[in-house]
Amino acid sequence: MSAPADDRLPLGVGPFARLVAAFADSRLALAGLALLLTIALAAAFAPWLAPQNPYDLMQLDILDSRLAPGSPSGDGRLTYHLGTDAQGRDMLSAILYGLRISVVVGVSATVLALLLGMALGLVAGYFGGRFDTLLMRIVDIQLAFPSILTAMILLALFGQGIDKIVIALVASQWAYYARTTRSTAMVEGRKEYIEAARLLGLSTARIVFRHLLPNCLPPLIVVAALQVAAAIALEATLSFLGLGLPVTEPSLGLLIANGFQYLYSGRYWISVFPGVALLLTILAINLVADQLRDVLNPRLQKQ
Amino acid sequence: MPLFVLRRFIQAFNVLFVMSLLVFAGVYAIGSPLDLLVDPQATTEDLARAAAALGLDQPLWVQYWRFLVRAIGGDLGDSFIHGSPALGLILERMPATLELALVAMLIAVLLGIPLGLWAGLHPESIGGRAIMAGSILGFSLPTFWVGLMLIMVFAVQLGWLPAGGRGPTAEVLGLSLSVLSAEGWRHLILPAANLALFKLSLIIRLTRSGTREALQQDYVRYARAKGLSNTRVVGVHVLKNILIPIVTVVGMEFGALIAFSVVTESIFAWPGMGKLLLESITQLDRPVVVAYLLLIVVLYIGINLIVDLLYAVLDPRVRIRRTSE
Amino acid sequence: MNTNAATVLPTLAVEHLTTRFASRAGVVTAVDDVSFSVAPGEVLGLVGESGSGKSMTAYSLLGLIEPPGEIVAGSIRLKGRELRGLPERDWRTIRGNRIAMIFQDPMMTLNPVLRIDTQMVEAIHAHRRVSRQAALEAARSALGRVGIAAPDERLRAYPHQLSGGMRQRVAIAIALLNAPDLIIADEPTTALDVSIQAQILFEMQTLCRESGTALIWITHDLAVVAGLADRVGVMYAGRIVEHGSVHQVLEQAAHPYTRGLLDSTPAAALAPAEHGKGRRLQQIPGMPPSLADLPAGCAFRLRCTRASSACEQLPALQSPAPGHEVRCFHPLPQAPR
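Going along each chain's sequence as written, the residues are numbered from 1 onward. Working convention: letters from A go to chains and numbers from 1 go to ligands, in the order in which they are written. At least 70 in pLDDT is required for a residue's local features to be given in this predicted model, at least 80 for side-chain atom pairs to be given and counted, and no such filter applies to totals for whole chains, interfaces and linings, which use all residues. To get the side-chain values, take all heavy atoms of the structure and skip hydrogens and water.

1. Side note on the overall build of chain C
Which entries qualify depends on this criterion: To qualify as a helix, a DSSP run of H or I must reach at least 4 residues; to qualify as a strand, a run of E must reach at least 2; elements of each kind are numbered from the N terminus. What the globule rule says is 2.2 Å times the number of residues to the power 0.38, and the radius of gyration is computed from C-alpha atoms. Using a 1.4 Å probe on the protein chains alone, a residue whose accessible area is under 20% of its type maximum counts as buried, one over 50% counts as exposed, and one in between counts as partly exposed. All accessibility values rest on the Shrake-Rupley procedure with a 1.4 Å probe; residue burial counts only the protein chains present in the view. Neither His nor the chain ends is counted toward charge; the positive residues are Lys and Arg and the negative residues Asp and Glu. A single reference atom marks each charge: NZ on Lys, CZ on Arg, CG on Asp, CD on Glu.
A count of helices and strands for chain C gives twelve helices and twelve strands. Computed over C-alpha atoms, the radius of gyration of chain C comes to 21 Å, within 12% of the 20 Å expected from 2.2 N^0.38 for 337 residues, which places it in the range of a compact globule. Projected onto the principal axes, the alpha-carbon positions of chain C cover approximately 65 × 50 × 50 Å. In chain C, which comprises 337 residues, the share counted as buried stands at 53%. Entry remark: accessible area of chain C is about 15200 Å², with carbon and sulfur atoms responsible for 53%. For chain C, the distance from the average site of its 33 positive side-chain charges to the average site of its 31 negative ones is 2 Å.

Put into structure tokens, the structure is as follows:
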């Protein structure tokens, strides 16, 4: 008896199309995906979309500082739809540029942590032995420790900067990938197809990369999707605390921090709007990641 | 049982030892504190004398050994900034942080379990969906931004609650506490709510999925078949089973709550050890950072131990397995 | 209810019971027009493959069908009292009190984190206001009745500390606690060793005969039914396809499905045939159908060697002998007595 859910898809449809169809089952996830794409495009094309370059001092007018949303600029050439900050910077432009930095930092930290964790996890899971024991000890200790503390300590040692915050984020997140890869690699490594590949005399590198790795990917994708959101939030938090990015490269977290003192005088827009941008970014990623987890989870699929 | 506790203690000391190595290597071995301590105009002889006085001319392992011996005696060095023992500075601020974290965890548990239960019992209802949507939002909202919004709404716009600070405290058994006075609560409630939000979402999700899973179990159907009231089925049969993972998570997350209080404390100017840590990091006050880290590690190990013991109390299967170990 | 009837009032009389589930794949009829009755002290065996609606019938009898499921037709009368449509409050006074149920796997049904005494005492307190001492005393005596030695020790145990057979005895003791009119046992011995299974079957039979409790024994195992039941109902795809005394159904099976089940049990193969050798084990061709897409008419016709075009209509129950009913257009001929 074939389950009715299978009947809707014609035969010969590849696994990818199946995943897409399963993903599209949730309207909420689709909305999240649309939002995510919008955000990604806005971040990518920030210099072309932004009304002004917020870091070109020539374009700023100090007389326009702390204007409420919707105010026209002093020279009447543009309207500050989201208001201005203490330097007379257009908030919309600052948010677009800040989004760009937040996304770049979050994504590059995630990719690097994924690669590092995956490599270590594959080796540990496939070969086992003393390296495996040692690595898992380190992973256990690292995971028991809150990521924010690890990152804070590293930043305290290294100082500020994009490269440093990426290192700090990688250091506080690689362990998730190492553990996930290792456990999947151990399960997959015991299956018949790996045994068959060994019997065929394939090289270890080929077995690990061509046979083992692709089968370890689904859970890793889910973890990575959730961790991008975590990385962006963590970067924003660190920058807000003044430990992350320098003032010359203001991410959303720093923009929010800059507006903090003006909250008390009711100039909410300097903090609120960058916060909304940050929230929407994280929310969109979480919605997509949640659905990805349901779609890629083999345990749920069989039901 | 005692054997199991003993084994846990040995494990704990191992972890503590490894962490002390890491902390020492990370904080002391990288860069020289001399640059910070000694007047930049000092001569080479001055520097050498200062280094000898601080023991920095010794090989690293000797330095570590001295650090370790002193640490066991409770001496983690003096703060560069405050000039007083680092550990003392931290301990002085610990009650404020612990109080904040405890109240936050209490909020998360007392709201999270009923909401999660309700959402698990009525997953398709509007209320159940709203609770779930709220918890997704709670996961996505960055803690520090929520803190700002709370200040903006409740302190600035409505003027109901103070925007920061701890307010008056009462001394009980040598601890100064906020929870004993109404004014203390007024200062406590916003930061505690801020800190609780993320854990609240977590507990809602855990309780909801645990409830849904438990409801599928035969023992729930059987309890119904015995003619038990719905209250008893949910309140005893379901709840007792889902409490086990919840207790574990609450315990594990309590450490994270203390760590994350860094953010909340700095937003609400709460005079706890998180705020002190942040100040020490920006002022390069290494002994205080080290003291904080080691204290956190000890706290973590203690919490883990308590969780394991609680686990054994709640889950008879664990209790049996462990005694037979 | 006709109270003037000279016959004994049945403990349970089920008529035209129909239970449906609304699912994404459409409406599924899990229990379809099922009728039977059980007299005090009588044992009814309900036989069928998994998915044939046996367990759903049991849950319907206990009012444990939850949305999206619903009893859409029929009546359930316990000692003459109509249960269908009772409010939940009243159902609760029936469950575990007048009708008790024993489930398949006591490992799964006894709550793993509650002690046996808690689970027994709560079953009493759900229906009677007695002191905890009195409830414990009742629990102790129930454990004694099902042959558990050292009941005090068992009462303080957690389920995982007991053996499988012991757990099932506890479950039976819980069913006996409130002296119910009817016990429904859903494959309670499947998970047990054969020797323990036999013991428990014997004890259940004795307990019910002595107390006049009616028993519905749900199983897929005809051999169990042969030794235990007075009457047998055979279920297929939600319907009772054959119904009669244990002798009629097992030895004069009229429905091709019942025949197929009999031929596929090892007991049938072990019975000496003419040549003194074991008979070959036979299999019913095809798979049990999914309730989601049943063929119209007789649900068994696609697997049946005797099926004809007439079987595309639903056959009515016919009676080859008094007390023997079969839902088939082409029943197997009865061997002359």
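2. Notes on the interface of chain B and chain A
Note the threshold: Whether two residues are in contact is decided by their heavy atoms: any pair within 4.5 Å suffices. The buried area of a pairing is the accessible area, by a 1.4 Å probe, that goes missing from both parts when the two are put together, added over both. Any Lys or Arg side-chain nitrogen located within 4 Å of an Asp or Glu carboxyl oxygen qualifies as a salt bridge. For this analysis, a polar contact is any N or O atom pair within 3.5 Å, provided that within protein one partner can donate a hydrogen and the other can accept it, and provided that sequence-adjacent residues contribute only side-chain to side-chain pairs. Residues are grouped as follows: nonpolar covers Ala, Val, Leu, Ile, Met, Phe, Trp, Tyr, Cys and Pro; charged covers Asp, Glu, Lys and Arg; every other residue, Gly included, is treated as polar.
On the side of chain A, 34 residues touch chain B, which itself brings 39 residues to the contact. Of the roughly 3100 Å² buried between chain B and chain A, counting both surfaces, carbon and sulfur atoms make up 85%. Arg205 of chain B is the salt-bridge partner of Asp290 of chain A, the closest N and O atoms lying 3.1 Å from each other. Where chain B meets chain A, there are three residue pairs in polar contact (both at pLDDT 80 or more). Every element with two or more residues in the side of chain B that touches chain A is listed here: helix 1 (2–29), helix 6 (126–140), helix 7 (143–157), helix 10 (230–267), helix 11 (273–282) and helix 12 (286–314) of chain B. Among the elements that line the side of chain B that touches chain A, the one with the most residues is helix 10 of chain B, at eight residues. Tallied by class, residues from the side of chain B that touches chain A come to 33 nonpolar, five polar and one charged.

3. Side note on helix 5 (residues 132–145) of chain C
Each full turn of the α-helix corresponds to 3.6 residues, which orients residues three or four apart in the same direction. Residue and element names in this part refer to chain C. The following threshold applies: Here, expected helix span is obtained from the residue count minus one, scaled by 1.5 Å. Relevant arc is that of directions from the helix axis to the C-beta atoms, nothing else.
An ideal rise of 1.5 Å per residue puts 20 Å on 14 residues; helix 5 measures up with 20 Å between its terminal C-alpha atoms. All of the buried residues along helix 5 are Ala135, Leu136, Ala139, Ala142 and Leu143. Each buried residue of helix 5 lies within a common arc of 120° when the element is viewed along its axis, so the set occupies one face. The inward-facing, buried residues of helix 5 abut helix 4 (116–125), helix 6 (151–155) and helix 7 (164–176). Positive phi shows up at Gly147, right after helix 5, with a value of about 80°.

4. Focus: the pattern of salt bridges
Applying the stated rule across the entire model yields 25 salt bridges over all chains. Glu187 of chain C is the partner of Lys54 of chain C in a salt bridge, and the nearest nitrogen-oxygen pair spans 2.9 Å. On the criterion of sequence distance, the pair formed by Lys54 of chain C in helix 1 (residues 54–61) and Glu187 of chain C in the loop between strand 7 (182–186) and helix 8 (194–211) is long-range, its members being 133 residues apart. By relative accessible area, which is 4% here, Lys54 of chain C ends up buried. The partner of Arg132 of chain C in a salt bridge is Asp117 of chain C, with the nearest N and O atoms 3.9 Å apart. Here the residue Arg132 of chain C occupies a position in helix 5, and Asp117 of chain C occupies one in helix 4, the gap between them amounting to 15 residues. Overall, Asp117 of chain C belongs to the buried group, its relative accessible area being 4%. Overlapping salt bridges bring together Lys226 and Arg232 of chain B together with Glu122 of chain C as one network.

5. Some thoughts on the nonpolar core
For clarity, the cut-off: Take the buried residues of types Ala, Val, Leu, Ile, Met, Phe, Trp, Tyr and Cys, join any two whose side-chain atoms come within 4.5 Å, and each joined set is a nonpolar core.
Counting 157 residues, the largest nonpolar core has Met152 of chain A together with Phe144, Ile267 and Tyr292 of chain B as its most contacted members. It is helix 10 (residues 204–240) of chain A that provides the largest number of residues to this core, a total of 17 residues. Excluding residues that lie within four positions of it along the chain, Ile267 of chain B makes contacts with Phe240 and Phe260 of chain A together with Phe144, Gly147, Leu148 and Ile151 of chain B. Core analysis: the next-biggest nonpolar cluster, separate from the first, contains 99 residues, Trp91, Val146, Leu207 and Ile284 of chain C among them.

6. Regarding the sheet that holds strand 2 (residues 26–38) of chain C
Residue and element names in this part refer to chain C. Applied cut-off: Two strands are counted as paired when DSSP detects at least two bridges linking them.
Pairing is antiparallel in the open sheet, where four strands are placed in the order 2-1-4-5. The open sheet has two free edges, formed respectively by strand 2 and strand 5 (81–82), since each of these has just one partner strand. For strand 1 (residues 12–23) and strand 4 (residues 69–78), the ladder comprises eight bridges, and the chain directions are antiparallel. Within strand 4, the residue paired with Arg20 across the bridge is Glu70.

7. A few points about the confidence of the model for chain C
Residues and elements named next belong to chain C. The condition is simple: pLDDT is defined as a per-residue confidence score from the predictor, taking values between 0 and 100.
Confidence in the prediction for chain C averages 84 pLDDT; 92% of positions are at 70 or higher. For chain C, helix 12 (residues 266–270) is the element with the lowest average pLDDT, namely 57, and strand 9 (residues 231–236) is the one with the highest, namely 92. Across residues 1–6, confidence stays below pLDDT 50; counting only partners more than four residues off in sequence or on other chains, it has three contacts. Two summary scores accompany this predicted model of the complex, namely pTM at 0.79 and ipTM at 0.81.

8. A few points about the packing of aromatic side chains
The criterion, for reference: Put simply, two rings from Phe, Tyr or Trp (the six-membered ring, in Trp's case) pair if the centres are within 6.5 Å, and we call them stacked under 30 degrees between planes, edge-to-face over 60, tilted for the rest.
Scanning the entire structure with this criterion turns up eleven aromatic pairs over all chains. With centroids separated by 6.0 Å and ring planes inclined at 45°, the aromatic side chains of Phe240 of chain A and Phe260 of chain A adopt a geometry described as tilted. Within this pair, whereas Phe240 of chain A is found in helix 10, its partner Phe260 of chain A is found in helix 11 (residues 252–263), the two being separated by 20 residues in sequence. Judged by its relative accessible area of 16%, Phe260 of chain A is buried. Ring pairing ties together the aromatic residues Phe240 and Phe260 of chain A together with Phe144 of chain B, which thus form one cluster.

9. With respect to the sheet that holds strand 9 of chain C
All names here are of chain C. So the rule is basically this: Lines are fitted to the C-alpha atoms to define the axes, a helix being fitted only along its stretch in contact, and any angle between axes, read from their N-to-C directions, falls within 0 to 180 degrees.
Here we have eight strands laid out as an open sheet, ordered 6-7-8-3-9-10-12-11, and mixed in their pairing. Among the strands making up the open sheet, the edge pair consists of strand 6 (99–102) and strand 11 (318–321). Across this sheet, the average inter-strand angle for adjacent strands is 20°, counted without regard to direction. Across the sheet, helix 11 (residues 256–264) lies against strand 3 (43–47), strand 9 and strand 10 (239–245), angled at about 100° from strand 9, the strand it touches most.

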